[in-house]
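Chain residues, written in single-letter form:
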Amino acid sequence: MKGVWAGRILSGFAVLFLATDFTIKLMVIPAVAESFVRLGIPAQLPVTIGVLELTCVVIYLIPATAVLGAILLTGYLGGAMMLHVRIGDPLFSHILFPSYIGIMLWGGLWFREPRLRALIPLRSTSGA
């Protein structure tokens with residue numbers, strides 16, 4: 001039961017960040033459009049991307065489709081990483097931040113979902 005709670009907490013942190021992220025995109029804030037342009041994305045796309053992100057988060061939150069949601073969000077976060085790499089943003093604060101969220105998404109799911117633990121077991125390296 002501790003593992004399930006650890007998974008819920010990890011997933012909760014990731015979803016909380018993503019919810020903040022898509023909410024900001026859906027609010028049509030000029031500064032968001034400006035940051036999109038800086039990343040090389042047309043200024044009219046934040047709402048569209050926010051809706052796509054929201055959809056992926058909802059899919060992740062439904063237990064029956066959580067793995068699909070994690071896969072979709074992994075692609076989304078990978079795209080975000082690439083945008084930051086392309087413009088030369090700082091490594092730990094911008095480029096790797098989406099990977100931190102992805103680790104929380106998958107880690108949370110791993111703790112919550114026994115089938116995923118069976119598919120991806122952690123093994124001892126003792127060499128026995």
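Details of the structure are given in the entry above.
Each value, and the rule that gives it
- Residues numbered from 1 in each chain as written.
- Predicted model: local features only at pLDDT ≥ 70, side-chain atom pairs only at ≥ 80, totals over all residues.
- Heavy atoms only, no water.
- Helix = DSSP H or I, 4+ residues; strand = E, 2+ residues; numbered from the N terminus.
- Buried < 20%, exposed > 50% of the residue type's maximum accessible area, 1.4 Å probe, protein only.
- Axes fitted to C-alpha atoms, helices over the stretch in contact; angles between N-to-C directions.
- Parallel < 35°, antiparallel > 145°, perpendicular 65-115°, else oblique.
- Left-handed = near helix turned anticlockwise from the far one by under 90°.
- Contact = heavy atoms within 4.5 Å.

Trainee: What should I look at first to understand the environment of Leu 119 in this one?
Mentor: In this fold, Leu 119 is placed in helix α7 (residues 114-119). Take Leu 119: its relative accessible area is 66%, and that puts it in the exposed class.

Trainee: Help me understand the packing of helix α1 (residues 2-26) against helix α3 (residues 46-61), please; the structure alone is not making it clear to me.
Mentor: When two helices pack together, their arrangement is given by the angle between their axes and by how far apart the axes lie. For the pair α1 and α3, the least separation of the axes is 8 Å and the interaxial angle reads 155 degrees. Compared by their axis directions, α1 and α3 come out roughly antiparallel. Every pair of crossing elements has a handedness; the one defined by α1 and α3 is left-handed. Where α1 approaches α3, its residues Ser 11, Val 15, Leu 18, Asp 21, Phe 22, Lys 25 and Leu 26 are matched on the opposing element by Pro 46, Val 47, Ile 49, Gly 50, Val 51, Glu 53, Leu 54, Val 57, Tyr 60 and Leu 61.

Trainee: I keep staring at the environment of Ala 31 and nothing clicks. Help me out?
Mentor: Note that Ala 31 resides in helix α2 (residues 30-38). As a C-alpha pair, Ala 31 and Leu 18 span 13 residues in sequence and 18 Å in three-dimensional space.

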